[in-house]
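What follows is each chain in one-letter form.
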Amino acid sequence: MICSCGNEAFYYQRYSNKYLCKECFKKDIERRAKKVLGKDIIRNNVKIGIGISGGKDSLVMACILKKLFKHIPNAKLICFFVDEGIKGFREKAKEYIKEFCEEQGLELKIIKFEDEIGYTLDEIVKNDYLSELNIGRPCSFCGVVRRYLLNKHALKEGCDYLAIGHNLDDFCQTILMNYVEGNVKNIIQFGKEFEGEGFVKRIKPLKLIPEDEVRLYADINNIKYQKEPCPYSSLSYRHRMKKVIKVLEEDKPGVKFSILRGYEKLLKYMDVKEEVKRCEICGFPCSGNICKVCSWLIKLKEISKSE
Ligand SMILES: [Zn+2]
Ligand SMILES: [Zn+2]
């Protein structure tokens, strides 16, 4: 099959009914990231923090951002890697990331759980601190702390935005999971970001790119990434939702885009304003007097004292 440019196609994009050559595929992906960001973000004198984990999504995102900001005067990019201290798993990720950042000429900052909260995630799990904190799964702890630390360091570095590598499939899974479980509050919170002082606005450049195409982009650009999942991840429900979406997409190509579009339309009608306070200890925006992370840290200190 032939791409519209005349070159031989290597990929059939089912939802657009187009055959694409490698070059046109790359351009298509980069154009969509550009569209999500827009002129407000791709501008002079902007500083973008990039959260990278070593997986395909974050590395592809960093690679695309590098291209999009290449000729923008005085635009700065800085990568943040949160090392939770998961033996074996994270060390491997760190190798991929160091190599990647060196190749791309990207500044890299490594943030360690150990330095920031006094423990590695392995220690938190091994000592059974999670049950003392009333947390069910390691991901519930890790996710919140990672998000907190990324914001903290992006703020410290003076970033205007913090880029997160969520792809179209991630969006659809989260949206549908929240619908199915009736988590109305989460539905709203997922779509609306905190804004204002103390919080670096998060951007998601891969929002309009399906997971398969992120993987394909990584492969044709020879981006080496970590393929094994985190040993603590329990993806069961998300994984089941992934299967459901796959069936829907097979029946009706493009359904992922309509899940996202429908959700974004709905968001416009959900004008719930929540009062945002600031944590009395660290200043992080939160709904109570003390943010989740600080309240956990207080408890962890108490536990270690009593031991
Ligand atoms: Zn082409
Ligand atoms: Zn706090």
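Now for a look at the structure at hand. What you see is a predicted model; the values in this text were computed from it and never measured.

### Topic: a nonpolar patch on the surface
On the surface, Met1, Tyr12 and Tyr19 cluster together to form a nonpolar patch covering roughly 310 Å² of accessible area. Tracing the chain through its elements places Met1 in the segment before strand 1 (11–13). Judged by relative accessible area, which is 62%, Met1 ranks as exposed.

### What about the state of the cysteines?
Enumeration over the complete set of coordinates arrives at zero disulfides. A disulfide-free cysteine, Cys139 has its sulfur positioned 6.2 Å from the sulfur of Cys230, the nearest such atom. Judged by relative accessible area, which is 30%, Cys139 ranks as partly exposed.

### A word on the coordination of the zinc ion (ligand 1)
Coordination of the zinc ion (ligand 1) by the protein comes from Cys3 (SG), Cys5 (SG), Cys21 (SG) and Cys24 (SG), over a distance range of 2.3 Å. Viewed at the metal, the four donor atoms of the zinc ion (ligand 1) are separated by angles of 103 to 117°, and the geometry they form is tetrahedral. When the donor residues of the zinc ion (ligand 1) are listed from N- to C-terminus, their spacing reads C-x1-C-x15-C-x2-C. Taken as a pair, Cys3 in the segment before strand 1 and Cys21 in the loop between strand 2 (18–20) and helix 1 (22–41) lie far apart in primary sequence, 18 residues in all.

### Digging into the pairing of strand 3 (residues 47–51)
Among the five residues that make up strand 3, five are buried, leaving the element largely enclosed by the rest of the structure. Across the two faces of strand 3 the burial is the same, with Lys47, Gly49 and Gly51 and Ile48 and Ile50 all buried. Here strand 3 pairs with strand 4 (residues 76–83) via five bridges, running parallel. Note that in strand 4 the partner of Gly51 across the bridge is Phe80. In this fold, the crossover linking strand 3 to strand 4 by way of helix 2 (residues 56–68) has right-handed handedness.

### A word on the nonpolar core
Counting 43 residues, the largest nonpolar core has Ile48, Ile50, Ile52, Leu65 and Phe69 as the members making the most contacts within it. Counting residues per element, this core draws most heavily on helix 2, at eight residues. Excluding residues that lie within four positions of it along the chain, Ile52 makes contacts with Ser58, Leu59, Ala62, Cys79, Phe80, Phe81, Val82, Ile97, Cys101 and Leu108. Counting 36 residues, the second-largest nonpolar core is a separate cluster that includes Leu162, Ile164, Cys279 and Cys294.

### Thoughts on helix 8 (residues 168–181)
Think of an α-helix as turning once every 3.6 residues; residues three or four places apart then point the same way. Helix length check: helix 8, at 14 residues, gives a terminal C-alpha distance of 20 Å against a target of 20 Å (1.5 Å per residue), a fit within 8%. Of all 14 residues in helix 8, eleven are buried, a share of seventy percent or more. On its buried face, helix 8 is in contact with helix 9 (184–191), helix 10 (211–220), helix 11 (236–251) and helix 12 (255–269). Backbone nitrogen of Asp169 and a side-chain oxygen of the N-cap are separated by 2.9 Å at the start of helix 8; the cap is Asn167. Looking one or two residues past helix 8, Gly182 carries a phi angle of roughly 70°, positive in sign.

What counts as what
- Residues numbered from 1 in each chain as written.
- Chains lettered and ligands numbered in written order.
- Predicted model: local features only at pLDDT ≥ 70, side-chain atom pairs only at ≥ 80, totals over all residues.
- Heavy atoms only, no water.
- Patch = residues over 30% accessible without salt bridge, like charges linked within 9 Å, V, L, I, M, F, W, Y side chains within 5 Å.
- Areas by Shrake-Rupley, 256 points an atom, 1.4 Å probe, with all protein chains shown as cover.
- Salt bridge = Lys/Arg side-chain N within 4 Å of Asp/Glu carboxyl O.
- Helix = DSSP H or I, 4+ residues; strand = E, 2+ residues; numbered from the N terminus.
- Buried < 20%, exposed > 50% of the residue type's maximum accessible area, 1.4 Å probe, protein only.
- Disulfide = S-S within 2.5 Å.
- Donors = N, O, S within 2.8 Å, 3.2 Å for Na, K, Ca; no water.
- Tetrahedral: all angles 85-135°; square planar, octahedral: opposite > 155°, others 65-115°.
- Pairing = 2+ DSSP bridges.
- Right-handed = clockwise from strand over helix to strand, strands pointing away.
- Core = buried A, V, L, I, M, F, W, Y, C linked by side-chain atoms within 4.5 Å.
- Contact = heavy atoms within 4.5 Å.
- Expected span 1.5 Å × (residues − 1).
- Polar contact = N/O pair within 3.5 Å; in protein donor to acceptor, adjacent residues only side chain to side chain.

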